[in-house]
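Observations on chain architecture
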Amino acid sequence: MTDSRLNEFREALRYLSFNGITLKEFAKKINVKPHTLYNYISGQKPSFKNYNYILYVLERDYPAAIAESREIIRQGGKTVNES
């Protein structure tokens, strides 16, 4: 998991609510505590297993969130955590 892929992952989690599901609902769907996802967004690195599984579900069920995260990073060049 490279830094750029980790930033895409975090951005995708941030923008789930714009794709029809709240972070809390998503956490329940994948059987993870919501605060765990908030920690990942805030900068905690997920385990490789959690990262792969969450990314798999995002890509399968919410590809628009992944596409938006890539576009946001491409246009902005920075995430909120990098400012």
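For the structure itself, look to the data block above.
The present account deals with the structure reproduced in this document. (Residues numbered from 1 in each chain as written. Predicted model: local features only at pLDDT ≥ 70, side-chain atom pairs only at ≥ 80, totals over all residues. Heavy atoms only, no water.)

A few points about the packing of aromatic side chains
The full count for this structure, using the stated rule, is four aromatic pairs. Between phenylalanine 26 and tyrosine 62, the ring centres sit 6.0 Å apart and the planes meet at 80 degrees, which makes this aromatic pair edge-to-face. Pair noted here: phenylalanine 26 is in helix H2 (residues 23-29) and tyrosine 62 is in the loop between helix H4 (48-61) and helix H5 (63-76), with a separation of 36 residues, a long-range link. Residue phenylalanine 26 shares its accessibility class with tyrosine 62, and that shared class is buried. Ring pairs connect the aromatic residues Phe9, Tyr40 and Tyr51, which therefore count as one cluster. (Phe/Tyr/Trp six-rings, centres within 6.5 Å; stacked < 30°, edge-to-face > 60°. Helix = DSSP H or I, 4+ residues; strand = E, 2+ residues; numbered from the N terminus. Buried < 20%, exposed > 50% of the residue type's maximum accessible area, 1.4 Å probe, protein only.)

Some remarks on the side chain of glutamate 8
Positionally, glutamate 8 belongs in helix H1 (residues 3-14). Leaving out residues up to four positions away in the same chain, glutamate 8 has contacts with Ser69, Arg70 and Ile73. (Contact = heavy atoms within 4.5 Å.)

Remarks on unusual backbone geometry
At asparagine 31, a residue that is not glycine, the phi angle is positive and equals roughly 60 degrees. Along the chain, asparagine 31 turns up in the loop between H2 and helix H3 (34-42). Owing to a relative accessible area of 70%, asparagine 31 belongs among the exposed residues under this scheme.

A closer look at the environment of serine 42
Within the secondary structure, serine 42 sits in helix H3. Owing to a relative accessible area of 57%, serine 42 belongs among the exposed residues under this scheme. Between the alpha carbons of serine 42 and lysine 24 there is a distance of 15 Å; along the sequence they are 18 residues apart.

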